[in-house]
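Understanding the architecture of this molecule
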Amino acid sequence: MEGGSVETIDRITIHENPYFIKYGVVHYSVANIPRAVPRTSTFVLTNVTIPYAIDIANKVYKKTLLENKSFLNGLNIYYQ
């Protein structure tokens, strides 16, 4: 199963039947949602990621990490 967004999701749903209830909780687990709107999702992904790529390209990575705290949220390993 792809994803892994929520521990209690044990199956993928489809747009025609997008949710299920388990443990009294409504779960929405439609796989690959961008597939439904590929052009729009491509523009959104590009518009969100390009500023980060430009930031990294224009600065040394250490400076980027110190000045833009959102990068620290995605940092897994750092070795000096």
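Residues numbered from 1 in each chain as written. Predicted model: local features only at pLDDT ≥ 70, side-chain atom pairs only at ≥ 80, totals over all residues. Heavy atoms only, no water.

1. So, the pairing of strand S2 (residues 25-28)
Under the convention used in this document: Strand pairing follows a simple DSSP-based rule, namely that at least 2 bridges must link the two strands. Comment: elements are numbered from the N terminus, with helices defined as DSSP H or I runs of at least four residues and strands as E runs of at least two.
Examined bridge by bridge, strand S1 (residues 19-22) and S2 share four bridges and lie antiparallel to one another. Paired with Phe20 across the strands is His27, a residue of S2. Linking S1 to S2, which pair antiparallel, is a turn of two residues; within it Tyr23 sits at a positive phi near 60°.

2. With respect to the pattern of salt bridges
Let me state the cut-off plainly: A pair is scored as a salt bridge if a Lys or Arg side-chain nitrogen falls within 4 Å of a carboxyl oxygen belonging to Asp or Glu. Throughout this description, buried means an accessible area under 20% of the type-specific maximum (1.4 Å probe, protein chains only), exposed means over 50%, and partly exposed covers the range between.
What the rule picks out here adds up to five salt bridges. Asp55 is the salt-bridge partner of Lys59, the closest N and O atoms lying 3.0 Å from each other. Two residues, Lys59 and Glu67, come together in a salt bridge whose shortest N-O distance is 2.7 Å. Lys59 sits in the partly exposed class, given a relative accessible area of 26%. With relative accessibility at 47%, the residue Glu67 sits in the partly exposed group. The structure contains a network of salt bridges with shared partners spanning Asp55, Lys59, Lys63 and Glu67.

3. Description of the side chain of Thr64
Selection rule: Any two residues whose heavy atoms approach within 4.5 Å at even a single point are treated as in contact.
As for its placement among the helices and strands, Thr64 is situated in helix H2 (residues 61-67). For Thr64, the contacting residues outside a window of four places in its chain are Asp55, Ile56, Lys59 and Phe71.

4. Concerning the packing of aromatic side chains
We apply this condition: In summary, the pairing rule links any two rings of Phe, Tyr or Trp, Trp by its six-membered ring, whose centres are within 6.5 Å, and it sorts them by plane angle into stacked for under 30 degrees, edge-to-face for over 60 and tilted for everything else. Remark: a charge is flagged as sitting over a ring if the NZ atom of Lys or the CZ atom of Arg is within 6 Å of the ring centre and within 35 degrees of the ring normal.
A complete count under the given rule lists one aromatic pair for this structure. An angle of 85° between the planes, with centres 5.2 Å apart, marks the rings of Tyr52 and Phe71 as edge-to-face. In this pair, Tyr52 sits in helix H1 (residues 38-58) while Phe71 sits in helix H3 (residues 69-73), placing the two residues 19 residues apart along the sequence. For Phe71, a relative accessible area of 17% translates into the label buried. The cationic tip of Arg11 hangs over the ring face of Phe20; the distance from NZ or CZ to the ring centre is 3.8 Å.

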